[in-house]
Amino acid sequence: MQQLQAPLLYPVAACKHQRNFSLTQPSRRSCLFKARSDRRQAQHASPRSRLHARVTAAAAPQLAEGPNGLQKVLLKNSSGGSAEVFLHGASVTSWKSDKGEELFFLTKKAIYAPPKPIRGGIPLCFPQFGPFGNIQNHGFARNSVFELSSGSEDSVTLSLTPTTDLHRTFPHDFQLLVTVKLESNSLTQTLEVENRSSEPMPLGVAFHTYFAVSDVDSVHVDLGSPGLTFLDGTQGKAQKKLDGSTVKLQEEWDAIFTGTGDTLKLVDEKAGRTITIKKDKNLPDAVVWNPWEEKANGFADMAEGEWRTFVCLEPALAASGPTQVQPGQTWTCTQVLSVS
Ligand SMILES: O=P(O)(O)OC[C@H]1O[C@@H](O)[C@H](O)[C@@H](O)[C@@H]1O
């Protein structure tokens, strides 16, 4: 597996994602230190480069160390929201609303040891969802360490290209760019996959988002239209049809809904909070998952009773996939999360 370290001071990337970006130090203290030294250098610079240094230092994202020294990017916006994105898996492990409320579940027993994926936030299923393909369950992106490509205070782009090891199981050259952008009470995540090989590349995807809920009993998922069909993973993927347009979680759910519209909602009645997911047409499926008590007790990386406090609602290209990305083509998909 890829074990890349971001350099302490990253060059400004010369690509279409380029934004003001220069500072990638591993701790708050060294970030401040770097900002101070930037200011000192700026005092001896021309007026134009002084302005550039101020803009760059103000706009750069901050890099910090998580458990086991794993690096994560800290994003914040002017309205008080924040997010954290690990280079390991490009996993977004925290998203806080403008009023500082944590919206993602992250297990207390999360394993921060690549290639183990981090359970919580948004693990990425790429280039395969679940068992729909020839490689490992949910693909390898969540097990891989990404590189920092570009960023600003409220946005970051991470990049993954295949290692020689990966080529043995997935013989395709590609670049995956994952961009996370924070706005007022909103988080946007975009994948861009460029097929750099001469053969079509099979692709399945999911944003496997673990939303924090007050109690699984007091939430429902609104899928937007009635009578959708789904594959029921609790019953050997039997095809079923949903009565109405909502799922109330009162037992284990592991359902892949196909042909969903562009909007999904997770309504937490007890918390008085609604998460809205807008997804584009490249994500026609939606997965609803909660393992319930017995299965949750079988997970080494889930603490007792935590299963009650999350629901996974995952825009996906799952049962409707995989698609084939043609040589030289770039395939993209986006989810926009907002809270009200
Ligand atoms: O334990 P994992 O590999 O992260 O997968 C968790 C769940 O992910 C869901 O998306 C699948 O529908 C479930 O079948 C699966 O159990």
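Being a predicted model, the structure only gives us computed values, none of them experimental.

**Things to note about the confidence of the model for the chain**
For the chain, the mean per-residue pLDDT works out to 87, and 83% of the residues sit at or above 70. Predicted confidence is poor over residues 1–45, with pLDDT under 50, and the contacts of this stretch with residues over four places away or in other chains come to 90 contacts.

**Considerations on the sheet that holds strand β4 (residues 92–96)**
Ordered by their spatial adjacency, 4 strands build an open sheet running β1-β2-β3-β4, and the pairing between neighbours is antiparallel. Across the chains shown, the open sheet's two edge strands, defined by having one partner strand only, are β1 (62–65) and β4. Pairwise comparison of adjacent strand axes, ignoring direction, gives a mean angle of 20 degrees for this sheet. Where strand β3 (residues 82–86) meets β4, 4 bridges bridge the pair, whose relative direction is antiparallel. Bridged to A83 within β4 is W95.

**Side note on the site of the ligand**
The ligand sits among R119, F129, N137, H138, R142, H208, D254, V287, W289, F299 and E314. Residue N137 places a side-chain N or O atom 3.4 Å away from an oxygen atom belonging to the ligand. In this structure, H208 approaches the ligand through a side-chain N or O atom, which is 2.7 Å from an oxygen atom. Relative to its unbound accessible area of 400 Å², the ligand is 78% covered by the protein chains. Considered class by class, the residues forming the shell around the ligand number 4 nonpolar, 3 polar and 4 charged.

**Observations concerning the packing of aromatic side chains**
Within this structure, the stated rule accounts for 18 aromatic pairs. Here F86 and Y112 contribute two aromatic rings whose centre-to-centre distance is 5.6 Å and whose plane-to-plane angle is 35 degrees, an arrangement assigned as tilted. Of the two residues, F86 sits in strand β3 while Y112 sits in the loop between β4 and β5 (124–125), which places them 26 residues apart along the sequence. A centroid spacing of 4.8 Å and a plane angle of 50 degrees characterise the contact between W292 and W307, whose relative ring orientation is tilted. Here W307 lies in the loop between α4 (292–297) and β21 (310–317) and W292 lies in helix α4, a separation of 15 residues in the sequence. For the residue pair W292 and W307, the accessibility class agrees, reading buried in each case. Grouping aromatic residues by their ring pairs yields a cluster made of F105, Y210, W289, F299 and F310. The ring centre of F299 lies 4.2 Å from the NZ or CZ of R119, which sits over that ring.

**Quick word on the pattern of salt bridges**
As enumerated under the stated definition, the model contains 12 salt bridges in all. For the salt bridge of R308 with D215, the shortest nitrogen-to-oxygen distance reads 3.0 Å. Here D215 lies in the loop between β12 (210–212) and β13 (219–222) and R308 lies in the loop between α4 and β21, a separation of 93 residues in the sequence. Here the salt bridges do not stand alone but share partners, grouping D215, D217 and R308 into one network.

**Here's the deal with the sheet that holds strand β19 (residues 273–279)**
The 9 strands lie next to each other as β6-β7-β8-β9-β23-β19-β18-β13-β16, forming an open sheet whose pairing is antiparallel. Single-partner strands in this sheet number two, and they are β6 (147–152) and β16 (246–248). If you compare each strand with its neighbour and ignore which way they point, the axes differ by 15 degrees on average. Of the pairings in the sheet, the one linking β13 to β16 comprises 3 bridges and is antiparallel in character. Across the sheet, residue D222 finds its bridge partner in β16, namely T246.

**Comments concerning the nonpolar core**
The biggest cluster of nonpolar side chains holds 84 residues, and the ones touching the most others in it are F126, L176, L249 and F257. For this core, the element with the highest residue contribution is β21, accounting for 6 residues. Leaving out residues up to four positions away in the same chain, L249 has contacts with V216, D217, V219, V221, V288, N290, W292 and V311. Counting 5 residues, the second largest nonpolar core, distinct from the first, contains F86, A110, Y112 and I118.

**Topic: unusual backbone geometry**
A negative phi angle is the norm for most residues apart from glycine, just as the trans form is the norm for most peptide bonds. Between F126 and the following residue, P127, the backbone shows a cis peptide bond with an omega angle of -5 degrees. Note on placement: P127 falls in the loop between β5 and β6. For the bond running from G321 to P322, omega is -5 degrees, close enough to zero to count as cis. Mapped onto the fold, P322 is located in the loop between β21 and β22 (323–325). Although it is not a glycine, A90 adopts a positive phi angle of roughly 50 degrees.

**With respect to the state of the cysteines**
In total, this model carries 0 disulfides according to the counting rule given. Here C125 is not cross-linked by a disulfide; its sulfur's nearest cysteine counterpart is in C312, at 9.2 Å.

**Notes on the environment of T258**
Relative to the helices and strands, T258 is located in the loop between β17 (253–257) and β18 (263–268). For T258 and V287, which are 29 residues apart along the polypeptide, the C-alpha to C-alpha distance reads 8.8 Å.

Criteria and cut-off values
- Residues numbered from 1 in each chain as written.
- Predicted model: local features only at pLDDT ≥ 70, side-chain atom pairs only at ≥ 80, totals over all residues.
- Heavy atoms only, no water.
- pLDDT = per-residue confidence, 0-100.
- Contact = heavy atoms within 4.5 Å.
- Pairing = 2+ DSSP bridges.
- Helix = DSSP H or I, 4+ residues; strand = E, 2+ residues; numbered from the N terminus.
- Axes fitted to C-alpha atoms, helices over the stretch in contact; angles between N-to-C directions.
- Near = heavy atom within 4 Å.
- Polar contact = N/O pair within 3.5 Å; in protein donor to acceptor, adjacent residues only side chain to side chain.
- Areas by Shrake-Rupley, 256 points an atom, 1.4 Å probe, with all protein chains shown as cover.
- Nonpolar A, V, L, I, M, F, W, Y, C, P; charged D, E, K, R; others polar.
- Phe/Tyr/Trp six-rings, centres within 6.5 Å; stacked < 30°, edge-to-face > 60°.
- Buried < 20%, exposed > 50% of the residue type's maximum accessible area, 1.4 Å probe, protein only.
- Lys NZ or Arg CZ within 6 Å of the ring centre and 35° of its normal.
- Salt bridge = Lys/Arg side-chain N within 4 Å of Asp/Glu carboxyl O.
- Core = buried A, V, L, I, M, F, W, Y, C linked by side-chain atoms within 4.5 Å.
- Disulfide = S-S within 2.5 Å.

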